[in-house]
Amino acid sequence: MMTTPTAPIDKPTAAPHLPIRRRRGRAGMLWGALAWVVGIGMFFPVLWMVLTAFKQEGDAYTDPPKIFFTPTLHQFSEVLHSGIGTTLLNSTFATVMSTVLVLALGIPAAFALSLRPVRNTRDALMFFIGTKMLPIVAAIVPLYVIVGDIGLLDNIWALVILYTAMNLPIAVWMMRSFFLEVPDELLEAASMDGASLWTAVREVILPLVSPGIAATALICLIFSWNEFFFAVNLTAVQAQTIPVFLVGFITGEGLYWARLSAAAVLAALPVVLAGWLAQNKLVRGLSFGAIK
């Protein structure tokens with residue numbers, strides 16, 4: 001029996017897709033280069049501030065700016081001897097205490113509004129976020145009167161209370177979104193195993209949402225550390241914080257660029273270190289629930 005030969009079937013090749021892949025590769029390179037340009041542009045003022053901190057005042061205030069200079073630690077020494085230590089301690093105390101209070105109050109509230117919702121949850125959430133819509137300048141006069149009546153003017157505890165109230169709505173909204181990503185079946189499984197609600201939350205829920213809690217805590221730390229309006233109006237000497245201290249370098253006698261830059265570097269260093277130490281949990285927390 002003779003069989004007729006069949007023509008070989010041409011297999012499709014990936015050649016037609018090569019131009020598309022090349023275009024996508026070039027587009028990715030262009031977007032990557034643009035991202036680098038934008039990132040360097042945003043980081044350049046910080047870099048220039050650090051460089052200026054190591055200059056003498058004569059080298060810092062020149063036109064055109066002096067790029068090559070002899071580095072010195074004189075400005076840092078002057079800042080350290082000008083009373084920055086007390087303001088750093090005040091800012092640290094107010095920031096850490098307010099963040100601890102925010103987490104202590106915000107975690108139960110976020111849990112109750114997510115995994116164990118209460119009645120009128122939506123109204124409660126709108127009330128929380130509605131408090132952030134009031135301009136701070138509209139509330140400073142009654143706040144000043146209240147703080148003065150209870151004897152907390154120029155007292156660091158006044159800032160602790162206000163920073164807690166300022167950051168609590170944002171913390172509740174953020175942590176609620178993290179709690180919503182936890183399946184309800186985990187609590188049900190824990191209860192079937194005989195665990196109480198507190199045990200289930202402590203042993204099961206909190207370890208899962210710990211990156212989100214770390215991200216929330218870091219954001220609260222940054223907001224409290226950089227807050228200026230309350231501090232400048234409700235403190236004077238004893239409870240002065242680092243943002244108010246920095247403004248003191250701008251006087252009618254002149255602008256002390258190098259010394260101000262040195263003080264700004266020292267002021268930013270604690271927050272930068274905190275962000276660097278918590279960067280892994282921060283990235284995980286900000287991307288929590290992004291990939292199902």
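Residues numbered from 1 in each chain as written. Predicted model: local features only at pLDDT ≥ 70, side-chain atom pairs only at ≥ 80, totals over all residues. Heavy atoms only, no water.

Within the protein one finds 13 helices and two strands. Per-residue burial for the protein yields a buried fraction of 32% across its 292 residues. Restricting the contact set of the protein to residue pairs at least 6 apart, pairs at least 24 apart contribute 76%. Accessible surface, the protein: about 18700 Å² in total, of which carbon and sulfur atoms supply 70%. (Helix = DSSP H or I, 4+ residues; strand = E, 2+ residues; numbered from the N terminus. Buried < 20%, exposed > 50% of the residue type's maximum accessible area, 1.4 Å probe, protein only. Contact = heavy atoms within 4.5 Å. Areas by Shrake-Rupley, 256 points an atom, 1.4 Å probe, with all protein chains shown as cover.)

Looking now at the nonpolar core. Counting residues in hydrophobic clusters, the biggest one holds 26 residues, and the most contacted among them are Leu-115, Met-175 and Phe-179. Among the elements of the structure, α4 (84-112), α7 (156-180), α8 (184-192) and α9 (197-226) are those that each provide at least two residues to this core. Ignoring anything within four residues of it in the chain, the contact list for Phe-179 reads Ile-107, Ala-110, Phe-111, Ser-114, Leu-115, Ile-205, Leu-206 and Val-209. Ala-94, Tyr-163, Ala-231 and Val-244 belong to the second largest nonpolar core, which has 16 residues in total. (Core = buried A, V, L, I, M, F, W, Y, C linked by side-chain atoms within 4.5 Å.)

Turning our eyes to something else, we now look at the packing of α7 against α9. Any two packed helices are characterised by how steeply their axes cross, that is the angle between the axes, and by the distance between the axes. At a closest axis distance of 10 Å, the pairing of α7 and α9 adopts a crossing angle of 150 degrees. What the angle tells us is that α7 and α9 run roughly antiparallel. Relative to α9, α7 is oriented so that their crossing is right-handed. Along the contact surface, α7 presents Tyr-163, Met-166, Asn-167, Ile-170, Ala-171, Met-174, Met-175, Phe-178 and Phe-179, while α9 presents Ile-205, Leu-206, Val-209, Gly-212, Ile-213, Thr-216, Ile-219, Cys-220, Phe-223 and Ser-224. Taken together, the residues of the contact of α7 with α9 sort by class into 15 nonpolar, four polar and no charged. (Axes fitted to C-alpha atoms, helices over the stretch in contact; angles between N-to-C directions. Parallel < 35°, antiparallel > 145°, perpendicular 65-115°, else oblique. Left-handed = near helix turned anticlockwise from the far one by under 90°. Nonpolar A, V, L, I, M, F, W, Y, C, P; charged D, E, K, R; others polar.)

Attention shifts here to a nonpolar patch on the surface. On the surface, Phe-43, Phe-44, Val-46, Leu-47, Val-50 and Leu-51 cluster together to form a nonpolar patch covering roughly 480 Å² of accessible area. Its location among the elements puts Val-50 in helix α1 (residues 18-53). (Patch = residues over 30% accessible without salt bridge, like charges linked within 9 Å, V, L, I, M, F, W, Y side chains within 5 Å. Salt bridge = Lys/Arg side-chain N within 4 Å of Asp/Glu carboxyl O.)

This part is about the packing of aromatic side chains. Enumeration according to the criterion identifies four aromatic pairs in this entry. Residues Phe-93 and Trp-157 carry aromatic rings whose centres are separated by 5.3 Å and whose planes lie at 85 degrees to one another, so their mutual orientation is edge-to-face. Of this pair, Phe-93 sits in helix α4 while Trp-157 sits in helix α7, and the two are 64 residues apart along the sequence. Assessed through its relative accessible area of 41%, Trp-157 is described here as partly exposed. Pairing Phe-111 with Phe-179 gives two aromatic rings, centres 6.0 Å apart and planes at 75 degrees, and the pair type is edge-to-face. Placement of the pair is Phe-111 in helix α4 and Phe-179 in helix α7, with a sequence separation of 68 residues. For the residue pair Phe-111 and Phe-179, the accessibility class agrees, reading buried in each case. Positioned over the ring face of Tyr-256 is Arg-259, at 5.8 Å from the centre of the ring. (Phe/Tyr/Trp six-rings, centres within 6.5 Å; stacked < 30°, edge-to-face > 60°. Lys NZ or Arg CZ within 6 Å of the ring centre and 35° of its normal.)

In this section: α7. With 25 residues, α7 extends 35 Å from end C-alpha to end C-alpha; this agrees with the ideal 36 Å at 1.5 Å per step. Of all the bends found along α7, the most pronounced is centred on Leu-168 and spans about 35 degrees, while Pro-169, a proline, follows it within four residues. Burial analysis of α7 places 18 of its 25 residues in the buried class, the great majority of the element. One side-chain oxygen at the N-terminal end of α7 lies 2.9 Å from the backbone nitrogen of Trp-157; it belongs to Asn-155. (Expected span 1.5 Å × (residues − 1). Bend = angle between axes of the 7 residues up to and from the residue. Polar contact = N/O pair within 3.5 Å; in protein donor to acceptor, adjacent residues only side chain to side chain.)

Here we come to the side chain of Ser-114. Mapped onto the elements of the fold, Ser-114 is located in the loop between α4 and α5 (121-130). Assessed through its relative accessible area of 11%, Ser-114 is described here as buried. Separated by 2.6 Å, the side chain of Ser-114 and the backbone oxygen of Ala-110 make a polar contact. Those residues in contact with Ser-114 that lie beyond four places of it in its chain are Arg-176, Phe-179 and Leu-180.

So, on to unusual backbone geometry. At Asp-154, a residue that is not glycine, the phi angle is positive and equals roughly 55 degrees. In this structure, Asp-154 sits in the loop between α6 (136-149) and α7.

Among the secondary structure elements, Thr-99 is positioned in helix α4. The class of Thr-99 is buried, set by a relative accessible area of 6%. Once residues within four sequence positions are removed from consideration, Thr-99 is found in contact with Ala-217, Cys-220 and Leu-221.

For the rest of this paragraph, the subject is the environment of Pro-211. Within the secondary structure layout, Pro-211 lies in helix α9. What makes Pro-211 buried here is its relative accessible area of 1%. On a C-alpha basis, the gap between Pro-211 and Ala-278 in space is 9.2 Å, while along the polypeptide they are 67 residues apart.

In short, shape yes, function no, at least from these values alone.
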